[in-house]
Amino acid sequence: MRRLITTLAILLVVVVAGMTALVMLVNPNDFRGYMVQQVAKRSGYQLQLSGNLRWHVWPRLSILSDQVTLTAPGASVPAVSAGNMRLDVELFPLLSHQLKVSQVLLKNAIIRDIPAAGSERPPGAPVAPEEDPNTAPLTRGWSFDIAQLNIADSLFIWQDAQGNQINFRNLNLSIRQDPVKQGEFELSTRVSRNQQNLLLNIQGHLDASQYPQQLSLQVSQAVYQASGVELPVGGINGQAEFSVSWQPAAQHFRLSGLKLQANNSDFRGEIAGQLLPAPSLHAQLTSVNIDFDHLLASDGNSGSHTVVRSVSAPVIADRDDLPLQDSWLRTADMDISLRSQNALWRGLQLKNLSLQATSTGGITRMTLLDGQLGEGHFSLPGQVDWRSTLPQVSLRPQLQDISLQPVLSLLRLPPALSGDLTLQGEFSGNGFTHEDILTGWQGQASIRVTHPNTGAFNLQQMVSDAVAVSSDRVKYQPEQTPVMPSLDGNFRLTPGVLRFASLKGEGNGVQIDAAGDVDFRQRSMDVTFNLLMTNWKGDSRLVHLLSGQIIPVRFYGPWDKLSYSLPITRVLNGDFRNELKSRFNQWQAQTPDKHPAHH
């Protein structure tokens with residue numbers, strides 16, 4: 001054992017002595033010109049190293065550099081600038097005064113993919129023949145032949161064709177590849193834009209064998225968390241796995257085998273797109289469950305208006321005030337197909353939801369948006385114009401046998417009426433929030449309510465009880481339990497007010513004609529049901545009188561303190577009752593002996 005320890009100690013001394021001698025004999029600054037030359041040869045970029053290069057021998061043999069910049073020909077700002085760089089080199093090639101780099105580490109770097117950092121042709125320079133986009137990357141651009149690249153605590157700035165910048169802060173990237181350009185990568189970063197943050201942690205496999213024509217990634221795990229303005233209070237977080245291919249020349253990407261979990265929603269499918277010259281996106285997605293209530297911003301978080309922020313820009317800043325999702329909706333061409341077995345939207349449980357939408361020039365057209373709600377079916381084709389401060393929406397809803405109760409809940413109306421709603425109409429307005437819809441939208445529709453039921457406010461029973469208080473000579477005796485007939489009519493929506501001109505129904509011995517207003521701003525209503533009821537039993541003349549008399553039942557006042565009135569109520573106040581009483585007296589005067597009066 002002592003002999004083994006002695007041998008290891010001797011080897012360690014030899015290695016340390018050899019490396020020390022190497023450091024003393026080989027000056028790393030001798031490789032400065034070689035590195036600059038190789039970078040220019042491979043990429044055309046100009047490498048600039050500030051200060052002296054120096055050795056670092058533990059835990060691996062490395063060359064250290066201070067400030068490093070990499071600038072494209074004619075560019076006004078560097079494409080890459082780093083506070084320091086470390087090059088891990090192999091020992092044996094140094095013995096013959098050759099440099100072979102096994103690993104590059106950039107720390108506190110700023111990487112720019114913006115027009116100012118791109119190559120520019122000097123004025124008066126000859127114009128080269130146009131390159132074939134399929135072969136151009138072979139003769140220009142980056143060639144990554146290093147076994148390992150590490151970028152730590154850095155910033156990546158990317159700008160799209162419209163001038164919108166996205167900052168990838170706290171960037172940490174590690175790429176390891178073998179000689180055939182197969183390897184592993186790890187990425188973590190924070191994407192910031194207009195008070196929105198996206199935290200990303202990604203791991204996977206890379207295939208750079210066809211680079212620079214194509215770079216392929218197999219993402220085995222991607223964990224993310226999005227938060228900030230215009231997003232739900234709890235943010236959006238989840239994980240994903242997918243395969244992605246990137247074609248630099250065409251700026252084209254394709255995601256396949258996507259499995260995405262976002263809060264308690266899931267998505268599967270494929271997404272393809274292009275970043276330049278104009279962003280485009282094509283998606284075909286399916287889902288088992290989508291919870292829009294936990295994916296879309298709540299009213300309290302987003303508000304009813306987009307706030308234009310005015311802040312002094314730092315040195316590195318975004319170009320505009322648009323949230324990332326709004327910027328894409330306004331600038332990108334999109335074609336989206338989505339199908340989901342179950343969906344939750346504003347508390348409504350939807351089934352078999354289907355969406356087909358295209359977007360171009362800032363206008364999204366929904367050719368198909370339909371599904372099932374309960375036992376009914378809905379269709380909401382229309383379009384959204386994102387080019388204004390508030391999106392301009394126009395819809396052509398078609399509802400078939402949709403339960404009325406969730407619709408009333410959605411409109412924040414009291415559940416005073418139940419039944420099944422069939423509707424066809426046209427509506428338009430600015431914004432999506434409850435406040436926007438209820439106080440700013442307008443339109444009209446034809447409706448039909450089948451199996452209507454006023455619950456505790458049984459209209460026929462209320463009239464029957466009120467008449468019974470005035471006289472015991474007549475009773476309301478329908479052939480069956482009083483049931484309201486189906487109601488048909490139209491309504492008009494003006495900003496803040498829903499107005500029924502006429503809502504009529506006839507059947508089961510009753511005729512109904514309803515009219516009135518619902519005021520969403522004041523949270524009040526004034527609706528009158530005019531009833532003409534038959535099936536009165538008793539004194540023939542009194543039955544004749546009531547059978548031809550329209551009796552209004554009025555609901556009015558604030559929603560949380562709703563009041564109602566009947567003709568009998570006005571009778572007690574000397575209005576309609578005087579007319580009935582005069583008729584009673586006239587009738588009694590004609591037959592005083594047979595029909596004594598009752599009060």
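Rules of the game
Residues numbered from 1 in each chain as written. Predicted model: local features only at pLDDT ≥ 70, side-chain atom pairs only at ≥ 80, totals over all residues. Heavy atoms only, no water. Helix = DSSP H or I, 4+ residues; strand = E, 2+ residues; numbered from the N terminus. Core = buried A, V, L, I, M, F, W, Y, C linked by side-chain atoms within 4.5 Å. Buried < 20%, exposed > 50% of the residue type's maximum accessible area, 1.4 Å probe, protein only. Contact = heavy atoms within 4.5 Å. Salt bridge = Lys/Arg side-chain N within 4 Å of Asp/Glu carboxyl O.

Moving on: unusual backbone geometry. Put simply, Tyr 211 and Pro 212 share a cis peptide bond, and its omega is 15°. Looking at where Pro 212 falls in the secondary structure, it is placed in the loop between strand S10 (196–207) and strand S11 (215–228). Phi is positive for Asn 352, which is not a glycine, with a value near 50°. Within the secondary structure, Asn 352 sits in strand S17 (residues 348–360).

Once that is clear, we can look at the nonpolar core. Burial of nonpolar side chains together is a common tendency in soluble globular proteins. With 98 residues, the main nonpolar core has Val 463, Leu 531 and Trp 536 as its most contacted residues. Not counting chain neighbours up to four residues away, the residues in contact with Val 463 comprise Leu 531, Met 533, Trp 536, Ile 551, Val 553 and Leu 566. The next biggest cluster of nonpolar side chains, apart from the first, holds 31 residues, and it includes Phe 31, Trp 55, Ile 111 and Leu 171.

For the rest of this paragraph, the subject is the pattern of salt bridges. Within this structure, the stated rule accounts for seven salt bridges. For Asp 517, the salt bridge identified is with Arg 499, shortest N-O distance 2.8 Å. Highlighted residues: Asp 517 in strand S28 (residues 510–519) and Arg 499 in strand S27 (residues 497–507), separated in sequence by 18 residues. Residue class for Asp 517 comes out partly exposed when judged on its relative accessible area of 29%. Arg 499 gets classed as partly exposed once you look at its relative accessible area, which sits at 44%. Salt-bridge contacts for Asp 526 lead to Arg 554; the nearest nitrogen and oxygen are separated by 3.0 Å. Here Asp 526, found in strand S29 (residues 524–533), pairs with Arg 554, found in strand S31 (residues 551–558); they are 28 residues apart in sequence, far enough to count as distant. Accessibility expressed as a relative area gives 32% for Asp 526, which makes it partly exposed.

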